[in-house]
Amino acid sequence: MSDGKKRIRKTAFSAGSAVLVLLIVVLVNTLLARTTLRWDATEDNLYSLSDGTRTILADMDQDVVIKVFYSKHVPTVPSHIKTFAQRVIDFLSEYEHYGKGRIKVEIYDPKPDSEEEEWAIKYGMKGVSLPSGDPVYLGLVALSADQEAAMPFIDPTQETRLEYDLTRLIARVQTAERMKIAVFSGLPVFGSAPNMMMGGPRQGQAPWFFIQELKKTYDLIQVQAAADTIDPAAKLLILFHPKTMSDKLAFAVDQYILGGGNAIVFADPLSLMDDPRMGPEGSIPDKLFKAWGISMPTGKAVADYTFATRLRNRENQVENNPMWLSVQADGFNGDDLITANLESMLLPVGGAIDILPDGPCTIEPLIHSSPNNELVDAFSHNQDVSALRRQFKPSGTARNLAVRISGTFKTAFPDGRPGPPEGTAEETPQTDPGAPVLKTGKSPSVVVVVADSDLLYDGYYLSQQNFLGFNISNVFNDNLNFMLNSCEMLTGNPALIGIRSRGTFERPFTRVQALERKAQDRWLDQEQALERQVEATNEKLHMLEQQKDASQRAILSEEQEQEIARFQEEKLKINKELKVVRRNLRAEIEQLGTMVKFINIFLVPILIAMGGIIFAITRKRKA
């Protein structure tokens, strides 16, 4: 065969191969386009449906239609919104897949003056105006039978909660009846209306965020301070900083629990959110607690240097405050569904819960401090942290910050219904005075007690900002999750718990934190040793002073001079040691940081270079 024919055959073979490869690529692409293949590479499988969602989808009684309104036609939509919207649509396809025909997802592009835009407005979608003036919709509504629930705007910053919000929406439209929760609070958690004060109009306050979240799922019954009964229709009772709870209301709480009701109690040795004009007392219902088998020391708070929070002091310097407890994963009960997947909580000036012997119920810790804690006066939170640190003596035993009490309760009022306070007239009871008084629980109940109430103040677990006219809330710890987990666990709907608690808020450098704690402990020991040295020297100087006669009082004796000189020398020595400890701490942290930077910057290029060298050597040997 001539060389020309060979070249023609070779060229034809190459061209045919290229066409064949192109056909294969087109065919594979066509097949894959009709197939839903997805690989969720996130550590927590954030983009796959959880077992809780699958359980709820499997138990659905009614078919659900989800209408998504997204302004896809607007070219000026920010790229991150476009990407997020596509992820939402992709994620909804997972619901459609696992719904097995019972969930249908419809996508609408509400163009101006279109029927789709009219539908969006009808279902309460909220369009936002971009700087270009284009209105943009990104919301959805779930429809089932005669029920309807909407997300007017899907918050891109809350993507880790997306599955929880979607699943909760589907669960809500499954039934026309919503569970009721009774709430009694000593703080204005329900907000307040504008009021005219002597100094001018006072602006009203919005309900706290956790109340707004509860209202999305439950009907809330606000219990008044004058009440003497708890609505039996309430599936759960929440006592929030019950500082103003009267005896008759406490009796109503007692009877509600003995009747089989569940409760969550947020008691506080000192509330930072309370009006200081209302007095310094905390909100510990001692009588009920004693009957339940627990107690909380009055006016005492937990100081814990292992869970200390970095705060700015009055001099604008950052320091570790041990009374603001940033509880990490090792402070949660990993075996309880309420706390199993929590990562961090902030408890500002929280108390300690002691378990009394021979209590009638089973008590399990949910949140606890580290052994590196001490019970201090709650008002010490106003004290200089350095003074608190000098006096700090770790107890060596972890303290309970939240517990779960379960079993058949006994009454806290063995003498029956309490009478009116002395000097007041008998009021007309709201309940039947002849109604039987329970002494022992009719059925087992569960009560969750938390030794803090400030943890649910908005500023302690979420930040809010305005995004295109919407208030965007960014939750940065698990305070709200703990509250919602407890509510859903005690109202008998635990499937949502495993959904909400997914995802990671942050991934701290635990190794760095451990180094800081270790060095801090050593520094604390040295500082306290210095303080003890100062006290001992001052005491000795005082004794020498007492031993002198009146004519020598103004003159330092030789022993005093020697003692002062020895003390100054010892102080100088200890200060040098403290500097060495702090220098070593910084050196260890800087060394660790240098190693992390080296790995981040050079590891991948080095691996690629090594791979290239090995490949070149292998090819050379084969040649």
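Everything below is about the structure shown above.
Residues numbered from 1 in each chain as written. Predicted model: local features only at pLDDT ≥ 70, side-chain atom pairs only at ≥ 80, totals over all residues. Heavy atoms only, no water.

**Student:** Before we move on, could you go through the nonpolar core and cite the residues and values that matter?
**Tutor:** In terms of nonpolar packing, the biggest core is built from 46 residues, with Phe210, Ile238 and Phe482 touching the most fellow members. By residue number, the principal contributor to this core is helix α10 (residues 479-490), which donates six residues. Discounting chain neighbours no more than four positions away, the residues touching Phe482 are Ile338, Thr339, Leu342, Met345, Leu366, Ile367, Ala402, Val448 and Val450. (Core = buried A, V, L, I, M, F, W, Y, C linked by side-chain atoms within 4.5 Å. Buried < 20%, exposed > 50% of the residue type's maximum accessible area, 1.4 Å probe, protein only. Helix = DSSP H or I, 4+ residues; strand = E, 2+ residues; numbered from the N terminus. Contact = heavy atoms within 4.5 Å.)

**Student:** Could you give me a rundown of the environment of Lys442, with the residues and numbers involved?
**Tutor:** One can find Lys442 in the loop between β21 (400-407) and β22 (445-450). Through-space distance from the C-alpha of Lys442 to that of Gln255 is 9.9 Å; in sequence the pair is 187 residues apart.

**Student:** Quick one: what's the story with the pairing of β21, residue by residue and with numbers?
**Tutor:** The element β21 is largely enclosed, with a buried count of six among its eight residues. The sheet contact formed by strand β19 (residues 362-368) and β21 spans six bridges and is antiparallel. Opposite Ile363, over in β21, you have Ile405 as the bridge partner. Bridge count for β21 against β22 is six bridges, and the pairing is antiparallel. Residue pairing in the sheet places Ile405 in a bridge with Val447 of β22. (Pairing = 2+ DSSP bridges.)

**Student:** Which residues make up a nonpolar patch on the surface, and what values go with them?
**Tutor:** On the surface, a nonpolar cluster with roughly 850 Å² of combined accessible area is contributed by Met595, Phe598, Ile599, Ile601, Phe602, Leu603, Ile606, Leu607 and Met610. Take Leu607: it is sitting in helix α13 (residues 558-622). (Patch = residues over 30% accessible without salt bridge, like charges linked within 9 Å, V, L, I, M, F, W, Y side chains within 5 Å. Areas by Shrake-Rupley, 256 points an atom, 1.4 Å probe, with all protein chains shown as cover. Salt bridge = Lys/Arg side-chain N within 4 Å of Asp/Glu carboxyl O.)

**Student:** Help me get a handle on the sheet that holds β21, residues and values and all.
**Tutor:** Taken together, the seven strands give an open sheet; going across it, the order is β10-β7-β11-β12-β22-β21-β19, and neighbouring strands pair in mixed fashion. Here the strands that pair on one side only, and so sit at the sheet edges, are β10 (219-222) and β19. Taking the axes of each pair of neighbouring strands and ignoring which way they run, one obtains an average angle of 20° across the sheet. Where helix α7 (residues 247-258) meets the sheet, it contacts β7 (180-185), β11 (234-240), β12 (262-266) and β22, and its direction lies at approximately 140° from that of β11. Strands in contact with α10 are β7, β11, β12, β19, β21 and β22; relative to β12, the strand with the most contacts, it is inclined by about 160°. (Axes fitted to C-alpha atoms, helices over the stretch in contact; angles between N-to-C directions.)

**Student:** Which residues make up the pairing of β22, and what are the values?
**Tutor:** The element β22 is extensively covered by neighbouring structure, given that six of its six residues are classed as buried. Of the two faces of β22, the one holding Ser445, Val447 and Val449 and the one holding Val446, Val448 and Val450 are both buried throughout. The pairing of β12 with β22 spans four bridges and is classified as parallel. Bridge pairing in β22 links Ala263 to Val447.

Without other data, these values stay purely geometric and don't point to any function.
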